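What follows is each chain in one-letter form.
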Amino acid sequence: MAGKKMAQYGKQLLRRRALDCSMEETRFARCLSTLDLVALGVGSTLGAGVYVLAGEVAREKAGPAIVLCFLIAALSSVLAGLCYAEFGARVPKTGSAYLYSYVTVGEIWAFITGWNLILSYVIGTASVARAWSSTFDNLVEQKISIFFKASVSIRVPGVLAEYPDIFALILVMLLTGLLAFGVSESALVNKIFTGVNLVVLGFVIISGFVKGDTHNWSLTQEDFYNHTNTSSSSNASTESFGAGGFAPFGFTGILSGAATCFYAFVGFDCIATTSEEAKNPQRSIPIGIVASLLICFFAYFGVSAALTLMMPYYILDTQSPLPEAFQYVGWGPARYIVAVGSLCALSTSLLGSMFPMPRVIYAMAEDGLLFRFLSRMNKKTRTPLLATIVSGVIAALMAFLFELAALVDLMSIGTLLAYSLVAVCVLILRYQPGSLSSPGQCEKMVDLSGEKTAMNNSDSGDEFACETVPLKEKFTMKLLFVPNCDFPTKTSGLIVYITTATISLVFTVLCCVLSVKMPSLVAGEPLWVTVCAVLAAVSIVCIAIIWRQPESRESLTFKVPFLPLLPLFSIFVNVYLMMQLDAGTWVRFAVWMTIGFLIYFAYGIRNSSVAQSSADKDKYEAALGAKTPIYLKEEPGTESSGA
């Protein structure tokens, strides 16, 4: 009895949302073009990092080889971007990774994803607002911070900031008002700021190639010693120089730099939350994601190349590299152009963090996993007004009062977890029978009950029709590598589902070992080498099993190529980066998830729309079962015909 109750409870946690792909029924205003989505993706991704990150990575980790760091990071980000692009073509609904998880792997995973996305967006908004305030403060020679530190200083190290940042508070509330006013107005402001940012970056790149010196990509120790002997930095050690040349810190430096540069491409996922506001989401979202990532890559690549050409990498300023580089080549006044570009980049990055936040909250509230009053829409502006105001106020208060340095890494967990789950969902769905828009697809995916057969016809979304698919096959080990047919069945779909879960767990253990025991592996300790070899072998077997299963023939406007390798590689990269985060970040993550689970198990699991529709269906079927069909009723006093 207890086992039956546990199984029933497990089914509740993994229940899926049925997807209605109707393009007409939406409470949002469909007003965003493909250009709007590209600008939104570029604006939220190409933030102030392009003005700071290149100097830090080139100085401390990669030297001129920073261009390769951005190339590797871009390729890794594109893997996640392609998975988002396919889901954008599949699911034209608001909710991003939250909704993708809900329709594929179940309610509890959807809640975890959505809850962490909210955290990522709130911390991202607050931290970018503080960065905007700090950048403006630097332009006016720290007069703002000096005044507030002297007047209203609040010192609680590690919790509260040195002083309440009123400038950041006002900025967030202004953008909250803009977002509440309407999405088309927000998109217009974003396009203007993104355009200015790209013009400034174009100026930086052209200037770098005009004033740059290719000798800075092949520096020798003699150059280093000559420079340190004639400059004020005579105490500089050769550690800041490395081995010289194009890659002074070797291949390990390039990989370390690539891991840091990966976060520079975070932000494109905000495009996926616009599905119900884009005019043609199934076309615009894939184009918007891929185009924005390409534009961002060329911008990062060009700026980092220009920067390392303008001045030697070992004297780059890690805080403000571009103004110092222009000063080095004799173009000091260009720092004001860079400052304008930096403020525009921060503005678009702030808008990019704030834009998807209320839409994820709205999607979760509409599904009943968060409090339903948060799903109220403004009839005039057709925006989630209450969710926008609530999320804006929370982010504004965090920017106003709290010290955010210790919380920034929490953004990484939420983002990387969302990337991983989207890749898992793409992998699972590509090997399932039918399509998300076909009736009963949620039951089709893994339910093996029943002896019926179904016609896998054009209504299911497959390109080939009139093939009879058994709903229940007898499982044999042979099916792992030699399927019975060349189109997906429930059994093949379940094999992929379980194998994907297995390889995700194996990747997690392997990445944990690689993160914690890397020195032992480099030293060749037999125990840990054997553990990694076994885990790698299991991973290869799982990949082979998935590769042998028949793939869906559903016609989509965009599909991830090279299945199953690209989604699996994306999962591995994301999990490995998560394992690089420190223990304190994971403790804070556990606290945040505890709060989320209290909300879910106290409210969401009972008020879920899926739970309520399931309960209504059960009541209806029970009522029907209690009634005897009229043709089976016997009139009083009559005998059966067999008497």
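Please refer to the structure placed before this passage.
Residues numbered from 1 in each chain as written. Predicted model: local features only at pLDDT ≥ 70, side-chain atom pairs only at ≥ 80, totals over all residues. Heavy atoms only, no water.

### As for the overall build of the chain
Within the chain, the secondary structure is distributed over 24 helices and two strands. Every one of the 643 residues in the chain was classed for burial, and the buried ones make up 53%. Put simply, of all contacts in the chain between residues at least 6 apart along the chain, 80% involve residues at least 24 apart. (Helix = DSSP H or I, 4+ residues; strand = E, 2+ residues; numbered from the N terminus. Buried < 20%, exposed > 50% of the residue type's maximum accessible area, 1.4 Å probe, protein only. Contact = heavy atoms within 4.5 Å.)

### Some thoughts on the pattern of salt bridges
Counted under the stated rule, the structure contains 11 salt bridges. Across the salt bridge formed by R430 and E551, the nearest N and O atoms sit 2.6 Å from each other. In this pair, R430 is assigned in the loop between α17 (408-429) and α18 (441-446) and E551 in the loop between α21 (526-548) and α22 (565-579), connecting sequence segments 121 residues apart. By relative accessible area, which is 4% here, R430 ends up buried. With its nearest N and O atoms 3.1 Å apart, the salt bridge here joins D486 to R553. (Salt bridge = Lys/Arg side-chain N within 4 Å of Asp/Glu carboxyl O.)

### Observations concerning the nonpolar core
Judged by nonpolar contacts, the single largest core of 163 residues is most densely connected at Y84, F265 and L370. With residues near it in sequence (within four places) discarded, L370 still touches F111, W115, I118, I361, M364, A365, I599 and Y603. V506, V513, L514 and C532 belong to the second largest nonpolar core, which has seven residues in total. (Core = buried A, V, L, I, M, F, W, Y, C linked by side-chain atoms within 4.5 Å.)

### Some words on empty space enclosed by the protein
The tally for this structure, following the rule as stated, stands at three cavities of 30 Å³ or more. Here the second largest cavity is characterised by a volume of approximately 70 Å³. What lines the second largest cavity is L32, D36, L40, V183, S186, A187, N190, L351 and F355. The element best represented in the lining of the second largest cavity is helix α9 (residues 183-211), accounting for four residues. Residues belonging to the lining of the second largest cavity are distributed by class as follows: six nonpolar, two polar and one charged. (1 Å grid on protein atoms, 1.4 Å probe; cavity = no way out; pocket = protein on both sides within 12 Å on 5 of 7 lines; lining within 4 Å. Points joined across faces, edges and corners; volume = space filled by probe spheres on them. Nonpolar A, V, L, I, M, F, W, Y, C, P; charged D, E, K, R; others polar.)

### Here's the deal with unusual backbone geometry
Cis geometry is adopted by the peptide bond preceding P564, which originates at L563 and carries an omega value of 0°. Counting through the fold element by element, P564 comes out in the loop between α21 and α22. One non-glycine residue with positive phi stands out, namely S96, at about 55°. Along the chain, S96 falls in helix α5 (residues 96-104). One non-glycine residue, R382, adopts positive backbone phi at about 55°.

### Structural notes on helix α1 (residues 2-13)
With 12 residues, α1 should cover 16 Å at 1.5 Å per step; its first-to-last C-alpha distance of 17 Å lies within 8% of that length. Where burial is concerned, little of α1 is hidden: one out of the 12 residues are buried. (Expected span 1.5 Å × (residues − 1).)

### Topic: the environment of F167
Along the polypeptide, F167 turns up in helix α8 (residues 166-181). Once residues within four sequence positions are removed from consideration, F167 is found in contact with W132, S133, F136 and I144.

### As for the packing of aromatic side chains
Counted under the stated rule, the structure contains 33 aromatic pairs. Residues Y84 and Y419 carry aromatic rings whose centres are separated by 5.8 Å and whose planes lie at 80° to one another, so their mutual orientation is edge-to-face. With a gap of 335 residues between them, Y84 in helix α4 (residues 66-90) and Y419 in helix α17 connect regions that are remote in the sequence. Judged by relative accessible area, Y84 falls into the buried class, the value being 0%. Y419 gets classed as buried once you look at its relative accessible area, which sits at 1%. Here the aromatic cluster, defined as three or more aromatic residues joined through ring pairs, consists of Y84, F87, Y100, F262, Y263, F268 and Y419. Geometry around W547 places R548 over its ring, the cationic atom sitting 5.9 Å from the centre. (Phe/Tyr/Trp six-rings, centres within 6.5 Å; stacked < 30°, edge-to-face > 60°. Lys NZ or Arg CZ within 6 Å of the ring centre and 35° of its normal.)

### Focus on a nonpolar patch on the surface
On the surface, M173, I389, V393 and L397 cluster together to form a nonpolar patch covering roughly 290 Å² of accessible area. If you tally residues by element for the nonpolar patch, the top one is helix α16 (residues 385-401), at three residues. With respect to the secondary-structure elements, M173 resides in helix α8. Residue classification places M173 among the partly exposed residues on the basis of a relative accessible area of 35%. (Patch = residues over 30% accessible without salt bridge, like charges linked within 9 Å, V, L, I, M, F, W, Y side chains within 5 Å. Areas by Shrake-Rupley, 256 points an atom, 1.4 Å probe, with all protein chains shown as cover.)

### Notes on helix α3 (residues 49-62)
Between its first and last C-alpha atoms α3 spans 16 Å; for 14 residues at 1.5 Å apiece the expected length is 20 Å, and the helix comes up short by more than 12%. Residues of α3 that are buried include every one of V50, Y51, L53, A54, G55, V57, A58 and A62, and no others. The inward-facing, buried residues of α3 abut α4, α9, α11 (250-262), α12 (281-310), α13 (321-328) and α14 (334-354). G63 sits one or two residues past α3 and shows a positive phi near 65°.

### So, the environment of K211
Within the secondary structure layout, K211 lies in helix α9. A relative accessible area of 33% places K211 in the partly exposed class. Along the primary structure K211 and L309 are separated by 98 residues, whereas in three dimensions their C-alpha atoms are 8.0 Å apart.

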